[in-house]
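# Chains, contacts and geometry: an overview
Each chain is listed here by its residues.
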Amino acid sequence: MRKTGLALALAATVALGACVQTRQYADVQFTPPSGDYKLLVLRPDVTVGSLTTGGMVEPRADWTDQARAAIVEALRAQQAARGGNIKIIEHRNQLAGVSEQELADVERLNFAVDQSIVEHKYLGDYLPTKRRIGLDWTLGDGAVKLGQKTGYDYVLFLHAEDEVASKGRVALGLLGLAGCFIGFCAPNVGGQQQLDYASLVDLKTGEVVWFNVVSAGSQVPGIKFGDLRTPEGAAQMVERLLGRMKPGRNVQRQAH
């Protein structure tokens, strides 16, 4: 499983037991989409792996495919409930009038921009020029051209990583806990981690207008936060990530 700097940093901050953390940022003028908006979702970047007894994560292609399919269906249902017109691209050749290379370029640029947002908003490496202005990142002309060619208002990028503790890992964690009852607590082996993040780009301007991260983790193997391979777990993740979009700071001030 690919480990980003964000994944490693958030894993280090997870408290003992279990917790779910979320933190979102928005452009100061951002208003969450509602009504008859057109949303393009590029292929969700999903990885699901097995957390082995020794603490290694072994990617599972079959689990990943199950999770991506469940997430796609959860996205469709969640956005339809908001009134949006959503199109999810599962393969780069599915978007009429846009070449596979154009989509690949936008995806690669977004990945680099997301890493910059993570570095400066979540990992503490603040830029003085961006500290107090919400989000100030853009995908530039490539995103604007994508909007012009497709007629969509926004494009959503979604990333999800999930670790499923193996039976051996769960047994090792339970053994460590059992030791505490006889006066010897073994070193905590660490449990399941889930990391999800999403960025929303305005296709009229090319600007990233909203970004959110949800991290869930436990130091005790076997505690679950919603299995992404199941419809219920995928729906829970999508709701945590996208269900409560906050408007930008200036929009909030105007509302009061």
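Just so we're clear, the structure is a prediction, and the values are computed from it rather than from any experiment.

## Concerning the confidence of the model for the protein chain
Chain-level pLDDT for the protein chain is 80 on average; 73% of the residues reach the 70-or-more range. Across the protein chain, the element-wise mean pLDDT spans from 48 in helix α5 (residues 167–180) up to 96 in helix α4 (residues 141–150). Between residues 174–189, whose pLDDT stays under 50, and residues either more than four places distant or in other chains, the model counts 14 contacts.

## Comments concerning the nonpolar core
Counting 33 residues, the largest nonpolar core has I71, L75, L200, W210 and L242 as the members making the most contacts within it. Where this core is concerned, the elements lending two or more residues are β2 (38–41), β3 (45–51), α2 (61–81), β5 (85–88), β6 (154–165), β7 (193–202), β8 (208–218) and α6 (231–242). Per-element tally for this core: the top contributor is α2, with seven residues. Those residues in contact with I71, other than ones at most four positions away along the chain, are V46, L158, A160, L228, A234, M237 and V238. Within the second largest apolar cluster, 27 residues are counted, among which are L135, W137, Y152 and V201.

## A short note on the environment of V20
Assignment of secondary structure puts V20 in strand β1 (residues 18–26). As for V20 and S215, which are separated by 195 residues in sequence, their C-alpha atoms are 5.7 Å apart.

## Quick notes on the packing of aromatic side chains
Tallied over the entire structure, the rule returns three aromatic pairs. Ring centres 5.4 Å apart and planes at 90° place the aromatic pair Y25 and Y122 in the edge-to-face group. Of this pair, Y25 sits in strand β1 while Y122 sits in helix α3 (residues 100–122), and the two are 97 residues apart along the sequence. What makes Y25 buried here is its relative accessible area of 16%. According to the relative accessible area criterion, Y122 is buried, its value standing at 14%. A centroid spacing of 5.9 Å and a plane angle of 50° characterise the contact between Y122 and F211, whose relative ring orientation is tilted. Of this pair, Y122 sits in helix α3 while F211 sits in strand β8, and the two are 89 residues apart along the sequence. Exposure class is identical for Y122 and F211. Each is buried. Ring pairs connect the aromatic residues Y25, Y122, Y197 and F211, which therefore count as one cluster. Taking NZ or CZ as reference, R60 lies 4.0 Å from the ring centre of W63, over its face.

## Examining the side chain of D196
Tracing the backbone through its elements, the reader meets D196 in strand β7. No salt bridge is formed by the buried D196; the nearest opposite charge belongs to R240, separated by 6.1 Å. In this structure D196 touches H159, A160, E161, N212, V213, V214, L228, M237 and L241, once residues within four positions along its chain are discounted.

## What to know about the environment of A112
Take A112: it is sitting in helix α3. The spacing of A112 and L139 is 27 residues in sequence and 9.6 Å in space, taken between C-alpha atoms.

## A short note on α2
For α2, which comprises 21 residues, the first-to-last C-alpha distance of 30 Å matches the rise-based estimate of 30 Å (1.5 Å per residue) to within 8%. Taken as a whole, α2 has its buried residues at W63, T64, A67, R68, A70, I71, V72, A74, L75, Q78 and Q79. Backbone geometry just after α2 places G83 at a positive phi near 95°.

## As for the layout of surface pockets
If you add up the space inside the largest pocket, you get close to 390 Å³. Around the largest pocket sit 20 residues that line it, and R43, P44, D45, E107 and L158 are the ones nearest its centre. Each residue belonging to the lining of the largest pocket can be placed in one class, and the counts come to nine nonpolar, three polar and eight charged.

Each value, and the rule that gives it
- Residues numbered from 1 in each chain as written.
- Predicted model: local features only at pLDDT ≥ 70, side-chain atom pairs only at ≥ 80, totals over all residues.
- Heavy atoms only, no water.
- pLDDT = per-residue confidence, 0-100.
- Helix = DSSP H or I, 4+ residues; strand = E, 2+ residues; numbered from the N terminus.
- Contact = heavy atoms within 4.5 Å.
- Core = buried A, V, L, I, M, F, W, Y, C linked by side-chain atoms within 4.5 Å.
- Buried < 20%, exposed > 50% of the residue type's maximum accessible area, 1.4 Å probe, protein only.
- Phe/Tyr/Trp six-rings, centres within 6.5 Å; stacked < 30°, edge-to-face > 60°.
- Lys NZ or Arg CZ within 6 Å of the ring centre and 35° of its normal.
- Lys, Arg positive; Asp, Glu negative; His and termini not counted.
- Salt bridge = Lys/Arg side-chain N within 4 Å of Asp/Glu carboxyl O.
- Expected span 1.5 Å × (residues − 1).
- 1 Å grid on protein atoms, 1.4 Å probe; cavity = no way out; pocket = protein on both sides within 12 Å on 5 of 7 lines; lining within 4 Å.
- Points joined across faces, edges and corners; volume = space filled by probe spheres on them.
- Nonpolar A, V, L, I, M, F, W, Y, C, P; charged D, E, K, R; others polar.

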